[in-house]
Amino acid sequence: MNLVFFDIECASVYKTSAKICAFGYVVCDEKFNIIEKEDILINPKGAFHLTDSKGEHGLVLPYKYADFKKYPDFRAVYPRIKSLLEDKNNIIAGHATYNDVNYLNLETRRFSLPSFCFEFSDTQLLYMSMTGGYSRQYGLEYITRELGVDFTPHRAADDAYATMRVAEAMCRAKECDFIGLERSLNLTRGKIDNYSIEKPRTAGYSQYAESRRAAKEERSRARRDFYVYLSRKKRRQEGRLKGKIFNFARCIEDDLAVSLPYLDKIYEAGGEYTQKLAQCNVYAAPQGDSSTRTRSALAKEGLYIVTMEELEDILSE
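Keep in mind it's a predicted model, so treat the numbers as computed, not measured.

(A) The arrangement of the layout of surface pockets in detail. Roughly 190 Å³ of internal volume is contained in the second largest pocket. In this structure, the second largest pocket is lined by 14 residues; those nearest its centre are Asp87, Lys88, Asn90, Phe118 and Glu119. Elements that contribute at least two residues to the lining of the second largest pocket include exactly helix H1 (74-86), strand S4 (90-94) and strand S5 (118-122). When the residues that make up the lining of the second largest pocket are grouped by side-chain class, the tally is seven nonpolar, one polar and six charged.

In structure tokens:
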């Protein structure tokens, strides 16, 4: 059984298209001895429009873009790539592999080619599960730094090689082979078949995702209850807080045990509460809060911003 680590670079990526310009791969045995390493360069049949994962900053690939016109397009290399990835003697893996599998999927649709059909693992997911760091998507450069692996970013074959070394380092830490690493972290491989893709998953990540889903649902419920309660409040005509229009950081709104009594005190003293930051003149947030709403409040001129302690003082006068 061999391991195949692959990486893809694209001239451009959009929601419904990904014009592949390089397919890099490394084939190694179960002890990570390299059997084959290659960059397959591909004419993307389109212009280069390179952005980062957020679609913002331009990336620079370590290739001469003009040279790509000399190479065959995806249709010519498709049989070779398909044979490599669908070989039952190969275990297929990558870094954030779902993205690269999706690029392959989009290209097969673009050129009306048969769907790929293979299972795949993911070193990014394995790393997150091994370290318990589920709150962010770790880039290959970050992981290689942490594990002491050197490589040239965005050269497909070198990315594939670095991914292999990351897998090797994790296996060494766990004192097991790659299949043992997957088993120890309860990984279920992803799969592509008939143009449909299932993401790989681990038990740890599934639990994390479920807890996030439950927390989000609870926040949504609290937010709804907060605004329903607010809609029933009526401002007194007079009071020491007359003319004061409050707005809170989201985390305060979502804590109903805190926020609802605050609303009572505001309205009892003749003040008001608004859902819109632009309409308030008093904004309350915990010390050190860096939420989007609080950052917007800090940038707003003339807005009186108070901490929780200061808000307590205002409402207790």
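Okay, back to it.
(B) Seen up close, helix H3 (residues 123-131). Burial within H3 is extensive, with seven of its nine residues counted as buried. All of the buried residues in H3 are Thr123, Gln124, Leu125, Leu126, Tyr127, Met128 and Ser129. A side-chain oxygen of the first residue of H3 lies 2.9 Å from the backbone nitrogen of Gln124; this N-cap is Asp122. Positive phi shows up at Gly132, right after H3, with a value of about 75°.

(C) Region of interest: the nonpolar core. Among the nonpolar cores identified, the biggest contains 29 residues, and Phe23, Phe74 and Leu104 are the most heavily contacted of them. Broken down by secondary-structure element, the contributors of at least two residues to this core are strand S1 (2-14), strand S2 (17-28), H1, helix H2 (97-110) and S5. Of all the elements, H1 adds the most residues to this core, at six residues. Ignoring anything within four residues of it in the chain, the contact list for Leu104 reads Phe6, Ile8, Ile20, Phe74, Ile81, Leu85, Phe116 and Phe118.

(D) Molecular detail of the pattern of salt bridges. If you walk through the whole model with that rule in mind, you get 20 salt bridges. The residue Arg80 makes a salt bridge to Glu38 at a minimum N-O spacing of 2.3 Å. One end of the pair, Arg80, is in helix H1; the other, Glu38, is in strand S3 (residues 34-41), with 42 residues separating them in the sequence. For Arg80, a relative accessible area of 40% translates into the label partly exposed. What makes Glu38 partly exposed here is its relative accessible area of 26%. Across the pair Arg213 and Glu217 runs a salt bridge, and its minimum N-O distance is 3.0 Å.

(E) Spotlight on a negative patch on the surface. On the surface, Glu309, Glu310, Glu312 and Asp313 cluster together into a negatively charged patch. With respect to the element layout, Glu312 can be found in helix H11 (residues 308-316).

(F) Spatial organisation of the pairing of S5. The element S5 is extensively covered by neighbouring structure, given that four of its five residues are classed as buried. Across two bridges, S4 lies against S5 in parallel orientation. Among the inter-strand pairings, Gly94 is bridged to a residue of S5, identified as Asp122. Bridge count between S5 and strand S7 (residues 190-193): three bridges; the pairing is antiparallel. Pairing of Phe118 across the sheet is with Ile192, part of S7.

(G) Structural detail: the packing of aromatic side chains. In this structure the tally under the stated criterion is 17 aromatic pairs. Centre to centre, the rings of Tyr205 and Tyr208 are 6.0 Å apart; their planes meet at 45°, and the pair counts as tilted. Separated by three residues within a single helix, Tyr205 and Tyr208 lie in helix H7 (residues 203-231), roughly one turn from each other. Between the aromatic rings of Phe248 and Tyr273, the centroid separation amounts to 4.8 Å while the plane-to-plane angle is 65°, which identifies the pairing as edge-to-face. With a gap of 25 residues between them, Phe248 in strand S10 (residues 245-248) and Tyr273 in strand S11 (residues 272-273) connect regions that are remote in the sequence.

(H) The sheet that holds S10, seen in detail. Taken in spatial order, the four strands make up an open sheet running S11-S10-S12-S13, and their pairing is parallel. Looking at which strands have only one partner, the edges of the open sheet turn out to be S11 and strand S13 (304-306). In this structure, strand S12 (residues 282-284) lies alongside S13, joined through three bridges in parallel fashion. Pairing of Ala284 across the sheet is with Val306, part of S13.

Cut-offs used in this document
- Residues numbered from 1 in each chain as written.
- Predicted model: local features only at pLDDT ≥ 70, side-chain atom pairs only at ≥ 80, totals over all residues.
- Heavy atoms only, no water.
- 1 Å grid on protein atoms, 1.4 Å probe; cavity = no way out; pocket = protein on both sides within 12 Å on 5 of 7 lines; lining within 4 Å.
- Points joined across faces, edges and corners; volume = space filled by probe spheres on them.
- Helix = DSSP H or I, 4+ residues; strand = E, 2+ residues; numbered from the N terminus.
- Nonpolar A, V, L, I, M, F, W, Y, C, P; charged D, E, K, R; others polar.
- Buried < 20%, exposed > 50% of the residue type's maximum accessible area, 1.4 Å probe, protein only.
- Polar contact = N/O pair within 3.5 Å; in protein donor to acceptor, adjacent residues only side chain to side chain.
- Core = buried A, V, L, I, M, F, W, Y, C linked by side-chain atoms within 4.5 Å.
- Contact = heavy atoms within 4.5 Å.
- Salt bridge = Lys/Arg side-chain N within 4 Å of Asp/Glu carboxyl O.
- Patch = residues over 30% accessible without salt bridge, like charges linked within 9 Å, V, L, I, M, F, W, Y side chains within 5 Å.
- Areas by Shrake-Rupley, 256 points an atom, 1.4 Å probe, with all protein chains shown as cover.
- Lys, Arg positive; Asp, Glu negative; His and termini not counted.
- Charge placed at Lys NZ, Arg CZ, Asp CG, Glu CD.
- Pairing = 2+ DSSP bridges.
- Phe/Tyr/Trp six-rings, centres within 6.5 Å; stacked < 30°, edge-to-face > 60°.

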